[in-house]
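Now for the letters of each chain:
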Amino acid sequence: MSIAQNRKAFHDYFIEERFEAGLALEGWEVKSIRAARVQLAEAYVVLKGGEVWLVGAHVSPLPTASTHIHPDPTRSRKLLLHAEEIRELIGKVERAGYTLVPLDLHFKKGRIKLEIGLAKGKKQYDKRETLKERDWQREQQRLMKQRR
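Here the residue index of a chain counts from 1 through its sequence in written order. Since the coordinates come from a predicted model, pLDDT governs what is reported: local features require at least 70, and pairs of side-chain atoms require 80 or more to be given and counted, while whole-chain, interface and lining totals use all residues. With hydrogens and water set aside, each side-chain value is computed from the structure's full complement of heavy atoms.

Take the nonpolar core next. Counting 27 residues, the largest nonpolar core has L54, L79, L105, L114 and I116 as the members making the most contacts within it. Each helix is a run of DSSP H or I of at least 4 residues and each strand a run of E of at least 2, with the numbering of both proceeding from the N terminus. Of all the secondary-structure elements, those providing two or more residues to this core are β1 (2-5), β2 (13-23), α2 (27-34), β5 (51-55), α3 (83-96), β8 (99-108) and β9 (111-121). No other element matches β9, which puts 4 residues into this core. Contact criterion: two residues are considered in contact whenever any of their non-hydrogen atoms come within 4.5 Å of each other. Excluding anything up to four places from it in sequence, L105 contacts S2, I3, A4, L23, I33, V38, L40, I112, K113 and L114. Buried residues of nine kinds, namely Ala, Val, Leu, Ile, Met, Phe, Trp, Tyr and Cys, make up a nonpolar core once their side-chain atoms join them within 4.5 Å. Note on exposure labels: buried denotes an accessible area under 20% of the residue type's maximum, exposed denotes more than 50%, and partly exposed covers the range between, all computed with a 1.4 Å probe on protein chains only.

This next bit is on the pairing of β5. Paired strands, in this sense, are two strands between which DSSP finds at least two bridges. As judged from the 5 bridges shared by strand β4 (residues 44-48) and β5, these two strands associate in the antiparallel manner. In the sheet register, V46 faces β5, and the bridge partner there is W53. The hairpin turn running from β4 into β5, its antiparallel successor, is 2 residues long, and G49 in that turn takes a positive phi close to 60°. In terms of strand pairing, β5 meets strand β7 (residues 77-80) through 3 bridges, oriented antiparallel. Opposite V52, over in β7, you have L79 as the bridge partner.

Assignment of secondary structure puts K92 in helix α3. Spatially, the C-alpha atoms of K92 and V55 are 19 Å apart, while their sequence positions differ by 37 residues. With near-sequence residues (within four places) excluded, K92 lies in contact with E17, G97, Y98 and L118.

Let us look at unusual backbone geometry. At A36, a position not held by glycine, the phi torsion is positive, near 60°. Locating A36 in the fold gives a position in the loop between α2 and β3 (38-39). Of note, K109 is a non-glycine position whose phi angle comes to about 55°, a positive value. For K109, the position within the fold is in the loop between β8 and β9. Residue classification places K109 among the exposed positions, given a relative accessible area of 82%.

Our next topic: α2. Of all the positions in α2, only W28, E29, S32 and I33 are classed as buried. The buried residues of α2 occupy one face: seen down the axis, they fall within an arc of 130°. Exposed and facing more than 90 degrees away from the buried side of α2 are G27 and K31. Check the buried side of α2 and you find it contacts β1, β3, β6 (58-59), β7, β8 and β9. Remark: A36 follows α2 within two positions and exhibits a positive phi of approximately 60°. When we speak of the arc, we mean the arc of directions from the helix axis to the C-beta atoms.

Read from one edge of the open sheet, 7 strands run β1-β8-β9-β2-β7-β5-β4, paired in antiparallel fashion. Looking at the sheet topology across the chains shown, the edges are occupied by β1 and β4. Between one strand axis and the next, the sheet turns by 40° as a mean value, whatever way the strands run. An axis is simply a line fitted to the C-alpha atoms; with a helix, the fit covers only the stretch in contact. Between two such axes, the angle follows the N-to-C directions and lies from 0 to 180 degrees.

Mapped onto the elements, H106 comes out in strand β8. Judged by its relative accessible area of 12%, H106 is buried. N or O atoms closer than or at 3.5 Å make up a polar contact, with two conditions inside protein: a donor-capable atom paired with an acceptor-capable one, and, for residues adjacent in sequence, both atoms drawn from side chains. Within the structure, the side chain of H106 is placed 3.2 Å from the side chain of D104, a separation counted as a polar contact. Apart from residues lying up to four places away in sequence, H106 is in contact with M1, S2, I3, E20, R111, I112, K113 and E115.

Pasting the structure below:
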């Protein structure tokens, strides 16, 4: 079940490969995410010191959050991946010029997971081509419906 999606990522990037990562979260963040108070639009993924971090994701604290905790909505959150996956990501990002983008925040077996994509940036003409292709597919579907 999807909680939040980053639709802008599909517009700005070609997604080559996908990985599923866990998140190191605090209690108030889990409650807020379960209430769907999260945004991935401005978020990105960085590699620091052999670790993978989610930066810029906004998790709005619930008004019922504890009084003794001062929540930071945009703090960096560590992503949990296997060591071989991290090594693979580091190699592709540093050598092949890929970017890591958060795609989808979802539940899996009661846990909150983040799907990240290994992506290459689109040029402006690629974005226009994608829009044209999508419009043409929609038009084809509409024409096929009329024929029936």
